[in-house]
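# Descriptive analysis of the structure
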Amino acid sequence: MIGKRGSWGEGELYEVLCLLMIGACLWVIGIQFEVFSWLNAFVQAHQLSNEFMLVALMGMAVFVASLRKSLLLRVAMRERDITAAEAEAVARHDVLTGLANRRLFLETLERRRAAATLVPTQAVLLVDLDRFKPVNDIYGHAAGNAVLCAVAERLSALTPDAGLAARLGGDEFALLVPLDGGSDGLTRLAQGLIAAIAAPIQWQGNELKVGATIGIALISADQADADVVLHAADLAMYQGKKDGRGVFRVFKSAMDIELKARAQLESELREAIASGAIEPYYQPVVTLPEKTLVGVEVLARWRHPVRGLLAPACFIGIAEETGLIAELSMKLLRQACLDARDWPPHFQLAVNIAPQQFQDRWLCERILAILTETGFSPSRLEVEITETALVQDLEAARTTLTSLQNLGVRIALDDFGTGYSSLYHLRELKFDKLKIDRTYVDTITMSAERAKLVDAIIKLGASLGLVTTAEGIETDASVDWLSDQGCDYGQGYLFGAPMPKDAITALIGKPLEEIQATAIAFQAA
């Protein structure tokens, strides 16, 4: 198209020259065969001079009109070609960032893959932004667009001359680069990209920060097509996300096996939630120092048909990533409320709410509907949240928690001390309880520094009028120390592992020794 546009002027000149040559040839023929002399004699003999001039002028007018129409037609054709070229460029480039789009990237990747040998000479780097969604949610789409454009500029600046940078969609980018520097050069490039993207972006007086996780796939002749290469890079990127984000990973065949296993587990999880195969188990919570059973924490257990009884660590992460956590949490809460109706009215029920659920503006109403349906008193329910939920959207968490507290539900800050800005959250939100994370509790009798931290948390809670629960208690020495420091409640395997409803029902009102004996027997079974 560009070549055609450059030849239009030459085409017009060529056409004029051709017309002039035709006219000169006709003139020569007329002279040679005395056509003009005969025509002149004929006009003079019949006195047709005026009529001849009229025909000549009309012919000239027709010629000028035809010439004008030809020029207009050429202008229209030129504009059409320019528009077509621009449309072609738009179809192959991202409108926002100006980078190549998925279509152009895949076409280029396919050409280079087809020309590849068994020894890789090029690679694909799939770049996925970390923490981009909070920027969009907090500052709006204009800020998100500014981040995408800034990232695009940084990628372009680091892309080798023979490489190609593209935005595949959303916050996902890709680079197609030659392996001129070998594996070391590829490592330096990936590290440079991560560092460049992590640099703050200034926008309207705000400092926006995102990160990047990169998956790398080498291109070789034994790959079926471009989609296979991109899929391999995607698997490597996903592995990087699992390993903590802000890193790069190179594709290995084992990743594909792992992803297929995860996909299978995800499919089974969906079926398990729908069929009720995931059920609530209950871990005892006791008073300190009396060690009286006063409540339980609800923990999920999945009765898998092949793998047996699965703990939350095996599937809760998948439920959160796939958006299944909301349905799972509400089903567990409903069943737990039904189970707890048979327990004493003072018996507390603690449930965990995932950070993703606070994005649901109807979360409070959903919980209230379950309490109403089951006839469970809100005053007996305790909702546990982690600081991750607060960091993601403090205002959404504040609105939901305030609404729940107005119903009489108590709020506990779970895993206290492991998140971010704990003191700020305690100031901004009115919690009823602090739960001291097990990573602090299990070493208090062996580490003076940890003991000081736990003591400080207990005193902080007391000064704010909050009760405290220590998680992960496994020794009598820990119980004695926590009781001496004023910790209100204890939870851990010393008092019992998570167990089904019937086991908990049998323990209510029993002395601690019997509770521990039952817990040991249950664990052994």
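Our subject is the structure listed above.
In this text, all values refer to a predicted model and were calculated from it rather than measured experimentally. (Residues numbered from 1 in each chain as written. Predicted model: local features only at pLDDT ≥ 70, side-chain atom pairs only at ≥ 80, totals over all residues. Heavy atoms only, no water.)

### Observations concerning the layout of surface pockets
If you roll a probe as big as a water molecule over the atoms, it shows you where there is empty space left. By volume, the second largest pocket is sized at about 750 Å³. Together, 33 residues line the second largest pocket, and Glu297, Val298, Leu299, Pro312 and Asn352 are the ones closest to its centre. Residue assignment for the lining of the second largest pocket shows that the elements contributing at least two residues are strand E9 (293-304), helix H11 (316-322), helix H12 (325-340), strand E11 (348-352), strand E12 (381-385) and strand E13 (410-416). The residue inventory of the lining of the second largest pocket, partitioned by class, reads 18 nonpolar, six polar and nine charged. (1 Å grid on protein atoms, 1.4 Å probe; cavity = no way out; pocket = protein on both sides within 12 Å on 5 of 7 lines; lining within 4 Å. Points joined across faces, edges and corners; volume = space filled by probe spheres on them. Helix = DSSP H or I, 4+ residues; strand = E, 2+ residues; numbered from the N terminus. Nonpolar A, V, L, I, M, F, W, Y, C, P; charged D, E, K, R; others polar.)

### Focus on the packing of aromatic side chains
Under the defined criterion, the tally for this structure stands at three aromatic pairs. Ring centres 5.6 Å apart and planes at 90 degrees place the aromatic pair tryptophan 302 and phenylalanine 315 in the edge-to-face group. Pair noted here: tryptophan 302 is in strand E9 and phenylalanine 315 is in the loop between strand E10 (308-310) and H11, with a separation of 13 residues, a long-range link. Here phenylalanine 315 falls in the buried class, since its relative accessible area comes to 0%. Geometrically, the ring pair formed by tryptophan 343 and phenylalanine 347 is edge-to-face, given 5.4 Å between the ring centres and 70 degrees between the ring planes. (Phe/Tyr/Trp six-rings, centres within 6.5 Å; stacked < 30°, edge-to-face > 60°. Buried < 20%, exposed > 50% of the residue type's maximum accessible area, 1.4 Å probe, protein only.)

### Details of empty space enclosed by the protein
A full pass over the atoms with the stated rule returns one cavity of 30 Å³ or more. Estimates place the volume of the largest cavity at around 40 Å³. In this structure, the largest cavity is lined by Leu235, Tyr238, Gln239, Met255, Glu258 and Leu259.

### Some thoughts on the side chain of lysine 435
Note that lysine 435 resides in strand E14 (residues 433-436). Beyond its immediate sequence surroundings of up to four residues, lysine 435 is in contact with Glu297, Glu384, Ala412, Leu413, Asp414, Asp415, Phe416, Thr469, Glu471 and Gln491. (Contact = heavy atoms within 4.5 Å.)

### Quick notes on the packing of helix H5 (residues 102-114) against helix H9 (residues 226-242)
Packing of H5 against H9 brings their axes to within 8 Å, and their N-to-C directions diverge by 105 degrees. With respect to H9, the element H5 is oriented roughly perpendicular. The segment H5 lies against H9, with Arg102, Phe105, Leu106, Leu109, Glu110 and Arg113 engaging Ala226, Asp227, Val229 and Leu230. The class makeup of the residues in the contact of H5 with H9 is six nonpolar, no polar and four charged. (Axes fitted to C-alpha atoms, helices over the stretch in contact; angles between N-to-C directions. Parallel < 35°, antiparallel > 145°, perpendicular 65-115°, else oblique.)

### Concerning the packing of helix H7 (residues 141-158) against helix H8 (residues 182-198)
Between H7 and H8, the shortest axis-to-axis distance is 10 Å and the interhelical angle comes to 150 degrees. Judged by the inter-axis angle, H7 sits roughly antiparallel to H8. Here H7 runs over H8; the crossing is right-handed. In this structure, H7 uses Val151, Arg154, Leu155 and Leu158 to contact H8, whose residues at the interface are Leu189, Gly192, Leu193, Ala196 and Ile197. Here the contact of H7 with H8 is built from residues that sort into seven nonpolar, one polar and one charged. (Left-handed = near helix turned anticlockwise from the far one by under 90°.)

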